[in-house]
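# A look at the structure
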Amino acid sequence: MSTPQLLFKNRRPGETVFIDGYKATGGYQGLEMALKDSSPEEIREQVKESGLRGRGGAGFPTGFKWNFFPSGAPGPKYLVCNCDEMEPGTYKDGVLLAADPHQLVEGMILSAFALQTDVGYIFIRYAYEQQADYLRKAIAEAKAAGYIGKNILGSGFDFELHVHGSAGRYILGEETALLNGLEGIRPNPRLKPPFPATRGLFGRPTTVNNVETIANIPHIITGGALWFRDLALTPGSSGTKLYGLSGHFNVTECFELPVGIPLREIVENYGGGIRGGRKFKACLPGGASTPYLTAEHMDVALDFDSLEKVDSRYGTAGVTAFDDQTCMVAATFNLINFFARESCGWCSPCRDGLVMVRWLLETIDNGQGTPEHLEMLKDQLKNIAGNSFCALAEGAMGPLAGLLNHFEQEIVDHIETGKCPFRK
Amino acid sequence: MAQEEKIDQIGLLEEEELAAFIDHACELEHPREMVIDVLRAIQKNHGWVPDEGVELTATILGITPIEVEEVATFYDKIFRRQVGRFPIHICDSICCWSNGGEELAEQFQKTLGITFGETTKDGLFTLLPSCCLGVCGQAPAVMIHQKLYGPLQLDDVDELINRLRREASA
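Residues numbered from 1 in each chain as written. Chains lettered and ligands numbered in written order. Predicted model: local features only at pLDDT ≥ 70, side-chain atom pairs only at ≥ 80, totals over all residues. Heavy atoms only, no water.

## A closer look at the overall build of chain B
- Along chain B, the regular secondary structure elements total 8 helices and 4 strands.
- In sequence order, the secondary structure elements of chain B are arranged as α-α-α-α-α-β-α-α-β-β-β-α.
- Expressed along its principal axes, the backbone C-alpha trace of chain B runs to roughly 50 × 35 × 25 Å.
- Taken over 170 residues, chain B has a buried fraction of 51%. (Helix = DSSP H or I, 4+ residues; strand = E, 2+ residues; numbered from the N terminus. Buried < 20%, exposed > 50% of the residue type's maximum accessible area, 1.4 Å probe, protein only.)

## A look at the sheet that holds strand β2 (residues 125-130) of chain B
Residues and elements named next belong to chain B.
- The strand order β2-β1-β3-β4 describes an open sheet built from 4 strands, whose pairing is mixed. The strands lining the two open edges of the sheet, one partner per strand, are β2 and β4 (147-149). When strand polarity is set aside, the average angle formed by the axes of neighbouring strands in this sheet is 25°.
- Bridge count between strand β1 (residues 86-91) and β2: 6 bridges; the pairing is parallel. Considered in β2, the bridge of F86 is made with F125.
- Running over the sheet, helix α8 (residues 156-169) touches β1, β2, β3 (142-144) and β4 and is turned about 160° from β1. (Pairing = 2+ DSSP bridges. Axes fitted to C-alpha atoms, helices over the stretch in contact; angles between N-to-C directions. Contact = heavy atoms within 4.5 Å.)

## Observations concerning unusual backbone geometry
- Here the residue pair P193 of chain A and P194 of chain A is connected by a cis peptide bond, since its omega of 5° sits within 30 degrees of zero.
- Topologically, P194 of chain A is positioned in the loop between α8 (175-183) and β4 (206-210).
- The omega torsion across A139 of chain B and P140 of chain B is -5°, close enough to zero to call that bond cis.
- Residue position: P140 of chain B is located in the loop between β2 and β3.
- Backbone geometry at Y28 of chain A places phi at a positive 70°, although glycine is not the residue there.
- Phi at A317 of chain A takes a positive value of approximately 60°, unusual for a residue other than glycine.

## Examining the sheet that holds strand β9 (residues 318-323) of chain A
Residue and element names in this part refer to chain A.
- In spatial order, the strands read β6-β5-β9-β7-β8; together these 5 strands make up an open sheet with mixed pairing. Edge positions in the sheet fall to β6 (254-258) and β8 (293-294), since each of these pairs with one other strand and no more.
- Where strand β7 (residues 280-284) meets β8, 2 bridges bridge the pair, whose relative direction is antiparallel. Looking at the pairing, A282 lines up with T294 of β8.

## Structural notes on helix α6 (residues 102-115) of chain A
Residue and element names in this part refer to chain A.
- Helix length check: α6, at 14 residues, gives a terminal C-alpha distance of 20 Å against a target of 20 Å (1.5 Å per residue), a fit within 8%.
- Most of α6 is tucked away: 14 of the 14 residues are buried.
- Just downstream of α6, Q116 is the residue with a positive phi angle, here 60°. (Expected span 1.5 Å × (residues − 1).)

## Focus on the nonpolar core
- Ranked by internal contacts, the top residues of the largest apolar core, which has 142 residues, are V105 and I109 of chain A.
- When we break this core down by domain, the ones giving at least three residues each are domain 1 (2-74) and domain 2 (86-169) of chain B.
- Ignoring sequence-local partners within four residues, the contact set of V105 of chain A consists of Y28, L135, A138, I139, A142, I148 and L161 of chain A.
- Core analysis: the next-biggest nonpolar cluster, separate from the first, contains 25 residues, L245, I261, I266 and Y314 of chain A among them. (Core = buried A, V, L, I, M, F, W, Y, C linked by side-chain atoms within 4.5 Å. Domains from an automatic or database assignment.)

## Quick notes on the interface of chain A and chain B
- If you look at the interface, chain A gives 48 residues, while chain B gives 34 residues.
- Both sides together, the interface formed by chain A and chain B hides about 3500 Å², and carbon and sulfur atoms give 57% of it.
- Inspection of the region where chain A meets chain B yields 2 salt bridges.
- E129 of chain A is the partner of R40 of chain B in a salt bridge, and the nearest nitrogen-oxygen pair spans 2.7 Å.
- Taken together, chain A and chain B are joined by 18 residue pairs in polar contact (both at pLDDT 80 or more).
- Elements that contribute at least two residues to the side of chain A that touches chain B include exactly β3 (160-165), α8, β5 (240-247), β9 and α13 (328-342) of chain A.
- The element best represented in the side of chain A that touches chain B is α13 of chain A, accounting for 7 residues.
- Each residue belonging to the side of chain A that touches chain B can be placed in one class, and the counts come to 23 nonpolar, 16 polar and 9 charged. (Buried area = accessible area lost by both parts, 1.4 Å probe. Salt bridge = Lys/Arg side-chain N within 4 Å of Asp/Glu carboxyl O. Polar contact = N/O pair within 3.5 Å; in protein donor to acceptor, adjacent residues only side chain to side chain. Nonpolar A, V, L, I, M, F, W, Y, C, P; charged D, E, K, R; others polar.)

## Here's the deal with the packing of aromatic side chains
Residues and elements named next belong to chain A.
- Inspection of the entire model under this criterion finds 19 aromatic pairs over all chains.
- Considering the side-chain rings of Y78 and Y121, the 6.2 Å spacing of their centres and the 45° angle between planes classify their relative orientation as tilted. Separated by 43 residues along the polypeptide, Y78 in strand β1 (residues 78-83) and Y121 in strand β2 (residues 119-124) bring together distant segments of the chain. One exposure class covers both Y78 and Y121, and it is buried.
- Taken together through their ring pairs, the aromatic side chains of Y22, Y28 and Y147 make up a single cluster.
- When the ring centre of Y128 is taken as reference, the NZ or CZ atom of R125 above it lies at 5.4 Å.
- Looking at K137, its charged tip hangs above the ring of F18, at a distance of 3.9 Å from the centre. (Phe/Tyr/Trp six-rings, centres within 6.5 Å; stacked < 30°, edge-to-face > 60°. Lys NZ or Arg CZ within 6 Å of the ring centre and 35° of its normal.)

Printed below as a string of C-alpha cells:
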C-alpha cells in the first residue's frame, strides 16, 4: 500500500525545495485558483467540509475555529502560525519546513485570504533557526513572485507575512502564551474568554493554527474537501498525518500516512519493530502529554475519536515507543520532570502539583515508596487535572493517567521490593 | 550617530544593527514585539546579555528595563549570566532519555570536568540541560549555538569537543 503524499510530496533526503521546485509539482496553483474563482466564504466552507482537525495536538476542527473568526470586522486582524513545536516526541513540523517551506507560505496566504486577515506571523521555536531561515527565503521568493504584498494576483487582497523567532520554553506553544510572547511581554497564558478570535494579538481578532494544519489548506483547495476526507482510513476522520517515530523503534523517521492507520502498522511496518529484538511494551501515541498505549492496543486506529475511546489522545501523532526493558515509572518521571520544569508558575496546581508528582515518582523509582505514595499519586491526578489555568498541567497528567491505568502493578512492585525491578 | 553611540555604551550591537533596530522600532506600531530579536542579537555578539544589554534593549524599544528583564529571564535560551563560548544544551526529554541521553550527559561532564550549570576554566564550554530540541528521530541530541548534533554516540563527544576547541583557537 502507498499513501498519497501531500505534505511530503517534494521531500527528498537532505534537500530543501524552494519556489521553482515547489511550483513544478503544482505549488501556488491552489492560491491562483482561489484568488481568481473563490470567495473567502467558499474557502472557509471547503475547509469545514474537509473535516480537517488541528494538527498541533488539540484536534479542534479548523473549519469551526475559522467560523468563530470575525472576518468581516474592520481594522487589523491577524493570522498566527504556531511553530513552537516543543512537546517531546514531536518533530514533524520541523521536518516539513526543512523539506518544503513554501507549503506553509502558500497555506498562510490562502488562510489569510479565507479569514481576511492582512498580517500573518509564523512564530518559530529557537531550535528551528535553520527552518526559520528557509521560511525567510521562501517568503522573499513569494513576495518577488507577487504572492505576498499589495493586491495579490490582481485580487485586491493585501497580505504581509513575518517570521518571529522565540527563545525556548514549551509554554509558548499554548496559544495565548504565544500571543504574549509575540507581543514581547512575559509569556504566561491569558485568561479565556476572551478568546483570541475576539481579542488576540495586540487586542485584535486573531486565529492561531499549527504548521501542518495550515500546510494542508492548499491541498484541500486543489484536491477538494471530499477527496481530502477520503484519504483517512476511519469514518469521521480526514486527511493524511505526519507521524514522527522515536524512542525504541528500529526506524525513527517521520512518515506521511493516513489518519486512522492501526498502531500495529506503525510499529511493525514503519517503525520496523523494536530494536535489539526486544518486545514492544508501550508508546506515547501523540507526544509527551498523551496517555500510554500498550501491546493490547495494537489494532486500535490512530485517529482522534478511536484514541479517545481507549482513554488516550491522538495529539501530534509523534509516536514514542518503549521496549520491554523500560521502567514505566522512570519514563513517567522523565515526562513529569519536563512538564514541571516548563511550567510557567502562574497557577498552583501546575507550579506546586507537578513538583509534588515528580517527587512522588522519584521516591517510588528509588525504591523508597510506600502504599501512601501511590495513593497520593492518584490524589494528585484527581486534583491537578481540570484545575489548572491552562492545558500544560492537564497534558502532564496524560502520562500519569496512563501509568496508573496500565502499569499500576509496576508501581506496586517498586514499593513492595524496595527497588526498581528494571535497574541492573 | 552620536546619539546611537551613547545608548550602546559597551558596543553590544554593530552600528548598522543598532541603526536598523531603531529604524524598525520607529516603523512598528508595537515595537515591543522586537524584544527577543534585540536580546538574541546582543547575545549573538556578546555571548550573553549583561545588564547593559537589558538597558540598551529597553532604550531601543521605549520600554523600561524591568519590562525587558521579565521577558529575558523567562526564556532559557537567553543568558543573563556569563556562559562559555560554546553553551552545550543537552536534551534530557523522553526520546533522548530512551536512547542513552543520561549516559551522554555523563560523558560530556566527564570529558569537560564540569557539571550542569558550570563553565570550563578556559571559558569555552558551559553545560546546560535542555528540554526537547525537536530532533527526536536523531536521539540523543545536543544543540550548540542553534546547531543540532545527533544521534551522538559516547565516542563522538571527544571528537566534537576537540573540533570546537580547534575552532576556538583558529
